[in-house]
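Examining the three-dimensional arrangement
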Amino acid sequence: MATSQKPFLSDVKALRDKARRSLAKGAVTPSYGGDVNHTIEILQSVLATEIVCTLRYTQHSIAATGISSESVKAEFATHAREELAHAMSVAERINQLGGKPDFNPDLLTSRSASQYAEGENLVDMIKENLVAERIAVEHYRELVRYFGNDDPTTRVMLEGILGTEEEHANDMHDLLVAHEGLPMLKE
C-alpha cells in the first residue's frame, strides 16, 4: 500500500531570500492578507476606545460614592487596569505593523467607539459602563470577523480582548442587578 506524503509547504531557501529583500517592513511579510494601512487605522480606533474606557473606569473608581460603593469602586479600578492593558496590546500591534500609536488626547473621543460619560450616581456609572462594554463587545465581534484569516495575529488579539469585554459586561450587569434589585429585561 503506497502512502502519499504531503510536500513541505514552503521552500525554506525562498523564504530566507524573501525575508532578506524586505527588512524595512518588519513583521509585515508578503503573506500578510490584509491592508496594513487600513488595519492600522482600525486599530487606532480600538486604541482610542480602550483609552476612553480606561479613563471612564478610572474616574468612576474615584468618584463613586455611597454606602455600598467600595466594592464597586474596586471593580471599576480593576476594569481600568484591564482596559489599559488592552490599550497597550493594541498600541504594540500598531507598532508591529509599522504604524505609530496615536495617543493624542484631542482626538481620542472622536475615534472611540464608546463615549466618556461620568454618570450622576453609582447606578448611572454602572449603566454607562455596561453600555460601553456592550458597544465594545459588538464592535470587537465585527472586527474579529473582519480580520478572519487575513490577519490572524490581530484577530487573536481582539478575540482575547473580546473575552475580557464580555466578562466586564457581565460584571456590570451583575452590579446593576445588585444595586437596582431587578434584572434587566431580555431583548
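Presented here is an overview of the structure given in this document. (Residues numbered from 1 in each chain as written. Predicted model: local features only at pLDDT ≥ 70, side-chain atom pairs only at ≥ 80, totals over all residues. Heavy atoms only, no water.)

1. Regarding the packing of aromatic side chains
By convention here, two paired aromatic rings are described through the distance between centres and the angle between planes. With the rule as written, the count across this model stands at two aromatic pairs. Seen from their ring centres, Tyr57 and Phe76 are 6.0 Å apart, and the 45° between their planes marks the pair as tilted. Taken as a pair, Tyr57 in helix H2 (residues 36–63) and Phe76 in helix H3 (residues 69–96) lie far apart in primary sequence, 19 residues in all. Summarising the aromatic geometry, the rings of Tyr146 and Phe147 are spaced 5.1 Å apart at their centres and angled 80° between planes, so their arrangement reads as edge-to-face. Residue classification places Phe147 among the buried positions, given a relative accessible area of 2%. Here the guanidinium or amino end of Arg56 rests over the ring plane of Tyr57, the centre of that ring lying 5.4 Å away. (Phe/Tyr/Trp six-rings, centres within 6.5 Å; stacked < 30°, edge-to-face > 60°. Helix = DSSP H or I, 4+ residues; strand = E, 2+ residues; numbered from the N terminus. Buried < 20%, exposed > 50% of the residue type's maximum accessible area, 1.4 Å probe, protein only. Lys NZ or Arg CZ within 6 Å of the ring centre and 35° of its normal.)

2. Description of the side chain of His79
Turning to its location among the elements, His79 is positioned in helix H3. Here Glu75 takes part through its side chain, which lies 2.8 Å from a polar atom of the side chain of His79. Not counting residues within four places of it along the chain, the set of residues in contact with His79 comprises Tyr57, Glu133, His168, Asp171 and Met172. (Polar contact = N/O pair within 3.5 Å; in protein donor to acceptor, adjacent residues only side chain to side chain. Contact = heavy atoms within 4.5 Å.)

3. Some points on the pattern of salt bridges
In a structure, side chains of opposite charge can pair up when their charged atoms sit close to one another. A complete count under the given rule lists five salt bridges for this structure. Between Arg93 and Asp151 there is a salt bridge; the shortest N-O distance is 2.9 Å. Placement of Arg93 in helix H3 and of Asp151 in the loop between helix H5 (122–147) and helix H6 (152–180) is noted, with a sequence separation of 58 residues between them. Residue class for Arg93 comes out buried when judged on its relative accessible area of 8%. Take Asp151: its relative accessible area is 1%, and that puts it in the buried class. The closest approach of N and O atoms between Arg141 and Glu166, which form a salt bridge, is 2.7 Å. With Arg141 in helix H5 and Glu166 in helix H6, the pair connects residues that are 25 residues apart, well separated along the chain. Taking relative accessible area as the criterion, Arg141 reaches 32% and is therefore assigned partly exposed. (Salt bridge = Lys/Arg side-chain N within 4 Å of Asp/Glu carboxyl O.)

4. Here we look at the environment of Leu97
With respect to the helices, strands and loops of the structure, Leu97 is situated in the loop between H3 and helix H4 (105–111). For Leu97, a relative accessible area of 6% gives the class buried. Along the primary structure Leu97 and Val36 are separated by 61 residues, whereas in three dimensions their C-alpha atoms are 6.7 Å apart. Look past the residues within four positions of Leu97 in its chain and what remains in contact with it is Val28, Tyr32, Val36, Thr39, Ile40, Leu43, Asp151 and Thr154.

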